[in-house]
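Architecture at a glance
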Amino acid sequence: NGKYSFTNLSAGSYELWVELPKYVTSNPGGSGRQTVKLYDRDVAGVDFTMQAIPTYSISGVVSITDGDVTQVQIICSSGAIVNPDAFGRYMITDLLAGTYEVHAEMPGYLVISPANNLYKVKLGPDAQNCNFTIVKTYTISGKITLSGGTGKLSSVVVYCNKQTTKPDATGYYEFTQLLPGNYEVSAKLDGYSVTTPASGTHKVTLGPDASLKDFTLNATTLLSVSGKVTLQGGTGKVTDVVIRAAG
């Protein structure tokens, strides 16, 4: 019924106040504190009234391809983390008025909507339709082998459409978080030519992952052309001759 009492207090001055998360003291006003002086008798009627602070919610729907939507984490800057239900619906509740950021996470998946995987919302009123679209991502991987020459694996550049990467010390490379679709993978190193695969490239359709997309690069045999220029007649200088080659 809200009644309270402090007993066995010595004579003196005391300050009283009340606290409850997401409530403010409306009576007394100001600081919400009351000072009581005890002398030769009890003091009653030191009452408080508390008013609930309005709270709000952020909600939306998560759409996912090829996965369990209930495993997606919706993370709020308030510290709250929730999972959608089986229909993809989520709600973060009990938030005070203010500005919050919300994003979605799930290992092996990529958020494609919103494009930056982030909602910035100002609560008061509720924020609705903070929806996310998540798709499964895939990996292309393989190994680079160098044959002959003095080239280094760390100097090889592997291309996957517009992305590039370099192999590790063992020659292993990978491209991760790739969306389903068609990709072309190639490898280059100055002074080397690709002998495996014969076409020089791997054409890959992702979904599922694509592994063992290996490359063998052979050192190119470097040859030379040399000769001598002789001028006959005239006043031209051999040092002014420009020698060009095309191939």
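The following refers to the structure shown. In this text the structure is predicted, and so the values were computed from the model without any measurement.

For the rest of this paragraph, the subject is the pattern of salt bridges. Applying the stated rule across the entire model yields five salt bridges. Between Arg33 and Glu15 there is a salt bridge whose closest N-O contact spans 3.3 Å. Within this pair, whereas Arg33 is found in the loop between strand S2 (23–27) and strand S3 (34–38), its partner Glu15 is found in strand S1 (residues 12–16), the two being separated by 18 residues in sequence. You can call Arg33 partly exposed: its relative accessible area is 37%. We classify Glu15 as partly exposed; its relative accessible area is 43%. Note that Lys120 is salt-bridged to Glu101, the shortest N-O span being 3.9 Å.

With that settled, consider the sheet that holds strand S13 (residues 138–147). Read from one edge of the open sheet, four strands run S16-S13-S20-S18, paired in mixed fashion. Two strands close off the open sheet at either side, each with one partner strand: strand S16 (172–178) and strand S18 (192–196). Taking the axes of each pair of neighbouring strands and ignoring which way they run, one obtains an average angle of 30 degrees across the sheet. Two elements, S13 and strand S20 (residues 215–219), share four bridges in a ladder whose sense is parallel. Paired with Leu146 across the strands is Leu217, a residue of S20.

This part covers the pairing of strand S12 (residues 132–136). Side chains on a regular strand alternate between the two faces of the sheet. Judged from the three bridges that link them, strand S5 (residues 55–64) and S12 form a sheet pairing that is parallel. Bridged to Ser63 within S12 is Thr133. Two elements, strand S10 (residues 109–113) and S12, share four bridges in a ladder whose sense is antiparallel. Paired with Leu110 across the bridge in S12 is Val135.

Looking now at the environment of Gln177. Along the polypeptide, Gln177 turns up in strand S16. Judged by relative accessible area, Gln177 falls into the partly exposed class, the value being 47%. Distance in space between the C-alpha atoms of Gln177 and Ser147 is 31 Å, their sequence separation being 30 residues. With residues near it in sequence (within four places) discarded, Gln177 still touches Tyr109, Leu110, Thr137 and Tyr138.

Time to look at the packing of aromatic side chains. Evaluation of the coordinates by the stated rule reveals six aromatic pairs. Judged by centre distance (6.4 Å) and plane angle (50 degrees), the ring pair of Tyr4 and Phe48 falls under tilted. A residue pair is termed long-range when its members are at least 10 positions apart, and Tyr4 in the segment before S1 and Phe48 in the loop between S3 and strand S4 (49–52) qualify at 44 residues. A residue is classified by how much of its surface remains accessible, and Tyr4, at 41% relative accessible area, is partly exposed. Arranged with centres 6.3 Å apart and planes meeting at 45 degrees, the rings of Tyr173 and Phe215 form a pair that is tilted. Placement of the pair is Tyr173 in strand S16 and Phe215 in strand S20, with a sequence separation of 42 residues. Neither Tyr173 nor Phe215 differs from the other in exposure class; each is buried. Three or more aromatic residues link up through ring pairs in this structure, and these residues are Tyr4, Phe6 and Phe48.

About the cut-offs
- Residues numbered from 1 in each chain as written.
- Predicted model: local features only at pLDDT ≥ 70, side-chain atom pairs only at ≥ 80, totals over all residues.
- Heavy atoms only, no water.
- Salt bridge = Lys/Arg side-chain N within 4 Å of Asp/Glu carboxyl O.
- Helix = DSSP H or I, 4+ residues; strand = E, 2+ residues; numbered from the N terminus.
- Buried < 20%, exposed > 50% of the residue type's maximum accessible area, 1.4 Å probe, protein only.
- Pairing = 2+ DSSP bridges.
- Axes fitted to C-alpha atoms, helices over the stretch in contact; angles between N-to-C directions.
- Contact = heavy atoms within 4.5 Å.
- Phe/Tyr/Trp six-rings, centres within 6.5 Å; stacked < 30°, edge-to-face > 60°.

Limitation: the analysis is restricted to geometry and does not speak to function.
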